[in-house]
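This is what each chain is made of:
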Amino acid sequence: MRRSFSLLIKPVSYRCNLRCRYCFYCFDNKAELGPAEVMSDETMAALIEQYTLAAEPPYIFAFQGGEPLLAGIPFYERFIDTLNRILPPRTSVSVAIQTNGTLVDDAWVALFKRMNALVGVSIDGDRELHDANRIDGAGTGSFERAVKGFRMLADGGVPVNVLSTVNVLTAEHPERMYRFLREEVKADYLQFIPILDIDPNGKPAAYSVTGERYYHFISEIFRVWKMSDPRPSVRLFDNMYESLLGQTPSSCQLNTRCGGYYLIEANGNIYPCDFYAEKRWYLGNVNTDSFDSVAKSAKSGKFNALKERYREKHCAGCTVESFCHGGCPHYSRTGAYEYCAVNKKFVPEFTKGMA
């Protein structure tokens, strides 16, 4: 039976032209993945064929990295050709690409328009905030290149949004960050992703944003956002409003269960989540395994139930459980959901503010 799910594809695996200090990409599976080469045409075709056999439209393909533009324009042209060969005419397809923006030029803009792709560019605020962490191999900041890439896309008519990380530095400057992205970059669609990685001692890494600072950040963003005219789209607020209306939020973090998408590495390896591209969560390979068999595997069932098990243990009687459903398991790697107190304070604040 077909079901609705999407794919997050890493066409060059862990290859990237930047060396962001807080990059969460898990390298535990490097030996298993081998060299970070561009996904082969054979793997690409197998991925599309297996996906369309198991999923119902719309088919959602999201490309990420590493840096997905390192795959090159010919790769995406072949991707389009393969889609056209495999899919029936007028099939509903959505394509999204998350990039650091530094490689965008006129040729990429033209390709993204042809693909009707939604593009996300990673920008962590103004030059000082961005360049503190988003550097290349030479230690040079990427701010100018990222902002230039965003503006080329926007000016070229490509739907584009900004993804910003909330780390130990940016968490201290929510209004400054928001106003820069709105007034200087002129972004209409914003997404803020909290960074929480665990060090070898089982504690949050030094660059991570802990609960109290994250609450301060989103509360301030909400305050400034409410005063904005016109208001941009902030993904967290959009998702919370969907939840208020009784709809299913588009973000998996606010859903009752994990399992809404699969991560596909360049060699075809399948993992249940971008945060869990680890050997212990390897589910199969698109060249040899169907998504139906992957979905029915004991390991998939165990992963998809992570939130449910956490919720049963920690969330009984919680007044905001219906919003976060126990939170994203990635943010519970210390044993407790890092942003639980954040939700208990912010959800009533948001509900009252949207009334």
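Right, let's walk through the structure included here. Model, not experiment: these values are computed from the prediction.

**Some thoughts on the overall build of the protein chain**
Consideration 1: For the protein chain, the helix and strand inventory stands at 14 helices and 10 strands.
Consideration 2: On C-alpha atoms alone, the protein chain measures out to a radius of gyration of 20 Å, which is about the 20 Å that the 2.2 N^0.38 rule sets for 355 residues.
Consideration 3: The dimensions of the protein chain, computed from C-alpha atoms along their principal axes, are 50 × 45 × 45 Å.
Consideration 4: A buried classification covers 53% of the 355 residues belonging to the protein chain.
Consideration 5: Look at the contacts in the protein chain between residues 6 or more apart in sequence, and 69% of them connect residues 24 or more apart.
Consideration 6: In the form shown here, the protein chain has an accessible surface area of approximately 16000 Å², with 51% of it arising from carbon and sulfur atoms.
Consideration 7: Where the 41 positive side-chain charges of the protein chain centre and where its 41 negative ones centre are 4 Å apart.

**Looking at the pairing of strand β3 (residues 93-99)**
Consideration 1: With five bridges connecting them, strand β2 (residues 59-63) and β3 associate as parallel partners. Bridging from a neighbouring strand, A62 pairs with A96 of β3.
Consideration 2: One crossover worth recording links β2 to the parallel β3 by way of helix α3 (residues 73-86), and it is right-handed.
Consideration 3: Across four bridges, the pairing between β3 and strand β4 (residues 118-122) is parallel. Each residue of the ladder has a partner; that of I97, found in β4, is V119.
Consideration 4: The handedness of the β3 to β4 crossover, carried by helix α4 (residues 106-115), is right-handed.

**Description of the sheet that holds β4**
Consideration 1: What the 10 strands build is an open sheet, ordered β7-β6-β5-β4-β3-β2-β1-β8-β9-β10; its pairing is mixed. Pairing within the sheet leaves two strands with one partner each, and these edge strands are β7 (233-234) and β10 (284-285).
Consideration 2: Contacts from helix α2 (residues 41-54) reach β1 (6-9), β2 and β8 (261-264) within the one sheet, and its direction differs from that of β2 by about 145°.

**Quick notes on the nonpolar core**
Consideration 1: Core analysis: the biggest nonpolar cluster contains 103 residues, and L7, F61, F112, M115, I264 and F291 have the highest contact counts within it.
Consideration 2: For this core, the element with the highest residue contribution is helix α8 (residues 211-227), accounting for eight residues.
Consideration 3: What F61 contacts, discounting residues up to four positions off in sequence, is L7, I9, L47, I48, Y51, F79, L83, V93, S94, V95 and A96.

**Side note on the packing of aromatic side chains**
Consideration 1: The tally for this structure, following the rule as stated, stands at 32 aromatic pairs.
Consideration 2: Aromatic pair Y337 and Y339: ring centres 6.1 Å apart, planes at 80°, arrangement edge-to-face. Y339 shares its class with Y337; the two are buried.
Consideration 3: By way of ring pairs, the aromatic residues F5, Y51, Y59, F61, F63, F75, Y76, F79, W108, F112, Y262 and F291 are connected into one cluster.
Consideration 4: Just above the ring of W225 sits the side chain of R231; from NZ or CZ to the centre is 4.7 Å.

**Description of unusual backbone geometry**
Consideration 1: A cis amide bond, omega 5°, links P57 with the succeeding residue P58.
Consideration 2: On the secondary structure map, P58 appears in the loop between α2 and β2.
Consideration 3: At the junction of D229 and P230, the peptide bond is cis and its omega measures out at 0° in the coordinates.
Consideration 4: Within the secondary structure layout, P230 lies in the loop between α8 and β7.
Consideration 5: Here H325, not a glycine, exhibits a phi torsion of approximately 55°, which is positive.
Consideration 6: In this structure H325 comes out as buried when scored by relative accessible area, which is 14%.

**A closer look at the pattern of salt bridges**
A side chain of one charge can pair with a side chain of the opposite charge when the charged atoms of the two come close.
Consideration 1: In total, this model carries 17 salt bridges according to the counting rule given.
Consideration 2: Across the pair D274 and K10 runs a salt bridge, and its minimum N-O distance is 2.9 Å. Here K10 lies in the loop between β1 and α1 (30-33) and D274 lies in the loop between β9 (269-271) and β10, a separation of 264 residues in the sequence.
Consideration 3: A relative accessible area of 9% places D274 in the buried class.
Consideration 4: The shortest N-O distance in the salt bridge between R179 and E175 comes to 2.9 Å. Placement of the pair is R179 and E175 together in helix α7 (residues 174-184), with a separation of four residues, close to one helical turn.
Consideration 5: Three or more residues joined by partner-sharing salt bridges are found here, namely E175, R179, E183, E220 and R223.

About the cut-offs
Residues numbered from 1 in each chain as written. Predicted model: local features only at pLDDT ≥ 70, side-chain atom pairs only at ≥ 80, totals over all residues. Heavy atoms only, no water. Helix = DSSP H or I, 4+ residues; strand = E, 2+ residues; numbered from the N terminus. Rg over C-alpha atoms; globule rule 2.2 N^0.38 Å. Buried < 20%, exposed > 50% of the residue type's maximum accessible area, 1.4 Å probe, protein only. Contact = heavy atoms within 4.5 Å. Areas by Shrake-Rupley, 256 points an atom, 1.4 Å probe, with all protein chains shown as cover. Lys, Arg positive; Asp, Glu negative; His and termini not counted. Charge placed at Lys NZ, Arg CZ, Asp CG, Glu CD. Pairing = 2+ DSSP bridges. Right-handed = clockwise from strand over helix to strand, strands pointing away. Axes fitted to C-alpha atoms, helices over the stretch in contact; angles between N-to-C directions. Core = buried A, V, L, I, M, F, W, Y, C linked by side-chain atoms within 4.5 Å. Phe/Tyr/Trp six-rings, centres within 6.5 Å; stacked < 30°, edge-to-face > 60°. Lys NZ or Arg CZ within 6 Å of the ring centre and 35° of its normal. Salt bridge = Lys/Arg side-chain N within 4 Å of Asp/Glu carboxyl O.

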